[in-house]
Amino acid sequence: NAGVTQTPKFQVLKTGQSMTLQCAQDMNHEYMSWYRQDPGMGLRLIHYSVGAGITDQGEVPNGYNVSRSTTEDFPLRLLSAAPSQTSVYFCASRSGGSGDTEAFFGQGTRLTVV
Amino acid sequence: QQQVKQSPQSLIVQKGGIPIINCAYENTAFDYFPWYQQFPGKGPALLIAIRPDVSEKKEGRFTISFNKSAKQFSLHIMDSQPGDSATYFCAARSGSARQLTFGSGTQLTVLP
């Protein structure tokens, strides 16, 4: 199993450019999430999805869009990149249902906006 | 506004020592408290988790202590090893969507 796969691993953007961070999971998980990790701030939730066609905002959604057309994929779009979006981005997935299932994380995308 | 407060920010111990990382929360709706371990260049991975109906949980050298009345929980690493050097995050989960709220992280260094 590949688990959660994020691409690209590294990206440099100029201010104002757009891009999509890809996330795919092969575990048939219902729940998927995007986090950003910044020094001294832990991981903060950007957007999440509880199933195909259903998304919702997290703690820091501004400047980001998501969609969930399939169970496997949950791309994160930056429409107009800003230096404040320089961060490491992690995608996570977990199975749904009752109980507390483990969240599996990808290896991250390090984004620099200049 | 940080809902889960973690301390210390960094911690250095000698091999064999017992590092302790503390977390505190305010939201009484939290009902699941995992700890994640992250090595450089990798994503976080679940280490151990506890629910508030128990006061302690052990898995190998890792122990979570939970104090529901004080709204605090902590991670203890027994007989720490250089391979335990990593960043540790506490987290909490609540709500119908069951999303995680993370602490700010603790960078642990275990000296040989």
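Conventions we followed
Positions within a chain are numbered from 1, following the residues in the order the chain's sequence is written. Throughout, the order in which chains and ligands are written sets their labels, letters from A for the former and numbers from 1 for the latter. Per-residue local features are limited, in this predicted model, to residues with pLDDT of at least 70; the limit for side-chain atom pairs, both in listing and counting, is 80 or more; totals at the level of whole chains, interfaces and linings are taken over all residues. As a rule here, side-chain values come from all non-hydrogen atoms in the structure, and water together with hydrogens is ignored. We define the nonpolar core as a collection of buried residues of types Ala, Val, Leu, Ile, Met, Phe, Trp, Tyr and Cys that are connected through side-chain atoms lying within 4.5 Å of one another. Only protein chains enter the calculation, and the probe is 1.4 Å; a residue is then buried if its accessible area is under 20% of its type maximum, exposed if over 50%, and partly exposed in between. Helix and strand assignments come from DSSP, with helices taken as H or I runs of at least 4 residues and strands as E runs of at least 2, each series counted from the N terminus. A contact between two residues is defined here by any heavy atoms of the two lying within 4.5 Å. Only Phe, Tyr and Trp rings are paired, with Trp represented by its six-membered ring, and only when their centres lie within 6.5 Å; those with planes under 30 degrees apart are stacked, over 60 edge-to-face, the remainder tilted. Each ring is checked for a lysine NZ or an arginine CZ that lies within 6 Å of its centre and within 35 degrees of its normal; such an atom marks a charge sitting over the ring. The term buried area refers to how much accessible surface (probe radius 1.4 Å) is lost by two components on association, counted for both of them together. We count a salt bridge whenever a side-chain nitrogen from Lys or Arg sits within 4 Å of a carboxyl oxygen from Asp or Glu. A 3.5 Å cut-off defines polar contacts: any pair of N or O atoms within that distance qualifies, except that in protein one atom must be a possible hydrogen donor and the other a possible acceptor, and neighbouring residues in sequence count only when both atoms are side-chain atoms. Classification used: nonpolar for Ala, Val, Leu, Ile, Met, Phe, Trp, Tyr, Cys and Pro, charged for Asp, Glu, Lys and Arg, polar for all others including Gly. By this definition, two strands are paired if DSSP reports at least two bridges between them. To get an axis, fit a line to the C-alpha atoms, keeping to the stretch in contact for a helix; angles then go from 0 to 180 degrees between the N-to-C directions. Using only the protein atoms, space was sampled on a 1 Å grid; points where a 1.4 Å probe fits but cannot get out form cavities, open sets with protein on both sides within 12 Å along at least five of seven lines form pockets, and lining residues are those with an atom within 4 Å of a point. Grid points are joined across faces, edges and corners, and a volume is the space filled by probe spheres set on the points.

Chemist: Mind showing me how you'd approach the nonpolar core here?
Modeler: Here is a general trend for soluble globular proteins: nonpolar side chains tend to be buried in one another's company. Among the nonpolar cores identified, the biggest contains 24 residues, and B:Phe33, B:Trp35, B:Phe73, B:Leu75, B:Tyr88 and B:Leu108 are the most heavily contacted of them. Listed by contribution, the elements that provide at least two residues to this core are β2 (10-14), β3 (20-25), β4 (33-38), β5 (45-50), β7 (62-67), β8 (72-77), β9 (86-94) and β11 (106-111) of chain B. Residue contributions to this core peak at four residues, all from β9(B). Excluding residues within four positions of it along the chain, B:Tyr88 makes contact with B:Gln6, B:Ile21, B:Tyr36, B:Gln37, B:Leu47, B:Phe62, B:Leu75, B:Ile77, B:Gly105, B:Thr106 and B:Leu108. Core analysis: the second largest hydrophobic core is formed by 19 residues, A:Cys23, A:Phe74, A:Ala81 and A:Tyr89 among them.

Chemist: Would you mind showing me how to read the packing of aromatic side chains here?
Modeler: For any pair of aromatic rings, the description rests on two quantities: the centre-to-centre distance and the angle between the ring planes. Here the structure, examined in full by the defined rule, presents 15 aromatic pairs over all chains. Considering the side-chain rings of B:Phe89 and B:Phe102, the 6.2 Å spacing of their centres and the 90° angle between planes classify their relative orientation as edge-to-face. Placement of B:Phe89 in strand β9 and of B:Phe102 in strand β10 (residues 99-102) is noted, with a sequence separation of 13 residues between them. When its relative accessible area of 2% is taken as the criterion, B:Phe89 is described as buried. Under the relative-accessibility criterion, B:Phe102 is labelled buried at 4%. Grouped by ring-pair contacts, the aromatic residues B:Tyr25, B:Phe30, B:Phe33, B:Trp35, B:Phe66 and B:Phe73 constitute a single cluster. Directly above the ring of A:Phe74 sits A:Arg68, whose terminal nitrogen or CZ lies 6.0 Å from the centroid.

Chemist: Would you take a moment to explain the environment of A:Tyr64 for this structure?
Modeler: Residues and elements named next belong to chain A. Here Tyr64 shows up in strand β7 (residues 64-66). For Tyr64, a relative accessible area of 4% corresponds to the buried category. Expressed as a C-alpha distance, the spacing of Tyr64 and Ile46, which sit 18 residues apart in the sequence, is 7.7 Å. In this structure Tyr64 touches Arg36, Ile46, His47, Leu76, Arg77, Leu78, Gln85 and Tyr89, once residues within four positions along its chain are discounted.

Chemist: Help me out: how do you make sense of the interface of chain A and chain B in this one?
Modeler: Many structure descriptions define interface size as the accessible area lost when the parts assemble. Chain A puts 21 residues into the contact, and the matching count from chain B is 21 residues. For the pair chain A and chain B, the two sides together bury roughly 1,700 Å², of which 48% comes from carbon and sulfur. Counting the surface chain A buries against chain B, the share from its top three residues, A:Leu43, A:Asp100 and A:Phe105, is 31%. Connecting chain A to chain B are zero salt bridges. Counting across the interface, chain A meets chain B through three residue pairs in polar contact (both at pLDDT 80 or more). Broken down by secondary-structure element, the contributors of at least two residues to the side of chain A that touches chain B are β4 (31-38), β5 (42-51) and β9 (87-94) of chain A. The dominant element in the side of chain A that touches chain B, judged by the number of residues it contributes, is β5(A), at five residues. Classifying every residue of the side of chain A that touches chain B gives ten nonpolar, seven polar and four charged.

Chemist: Just checking my understanding: could you explain the sheet that holds strand β8 (residues 76-78) of chain A for this structure?
Modeler: Strand pairing within a sheet occurs via backbone hydrogen bonds; the two strands may be parallel or antiparallel. Residue and element names in this part refer to chain A. Strand order across the open sheet formed by four strands is β1-β3-β8-β7, with antiparallel pairing between neighbours. With partners counted over all chains shown, the strands left at the sheet margins are β1 (4-7) and β7, one partner each. In this sheet, adjacent strand axes meet at a mean angle of 20° when their direction is disregarded. Strand direction decides the pairing type here: β7 and β8, joined by three bridges, are antiparallel. What sits directly across from Asn65, in β8, is Arg77.

Chemist: Can you walk me through empty space enclosed by the protein in this structure?
Modeler: Remark: the empty space left among the atoms is shown by a probe the size of a water molecule rolled over them. As enumerated under the stated definition, the model contains one cavity of 30 Å³ or more in all. Here the largest cavity defines a volume of roughly 80 Å³. Along the walls of the largest cavity sit A:Tyr31, A:Met32, A:Ser33, A:Tyr35, A:Ala92, A:Ser93, A:Arg94, A:Ala103, B:Arg93, B:Arg98, B:Gln99 and B:Leu100, which together make up its complete lining. Secondary structure elements with two or more residues in the lining of the largest cavity: β4 and β9 of chain A together with β10 of chain B. For the lining of the largest cavity, the leading source of residues is β4(A), giving four residues. When the residues that make up the lining of the largest cavity are grouped by side-chain class, the tally is six nonpolar, three polar and three charged.

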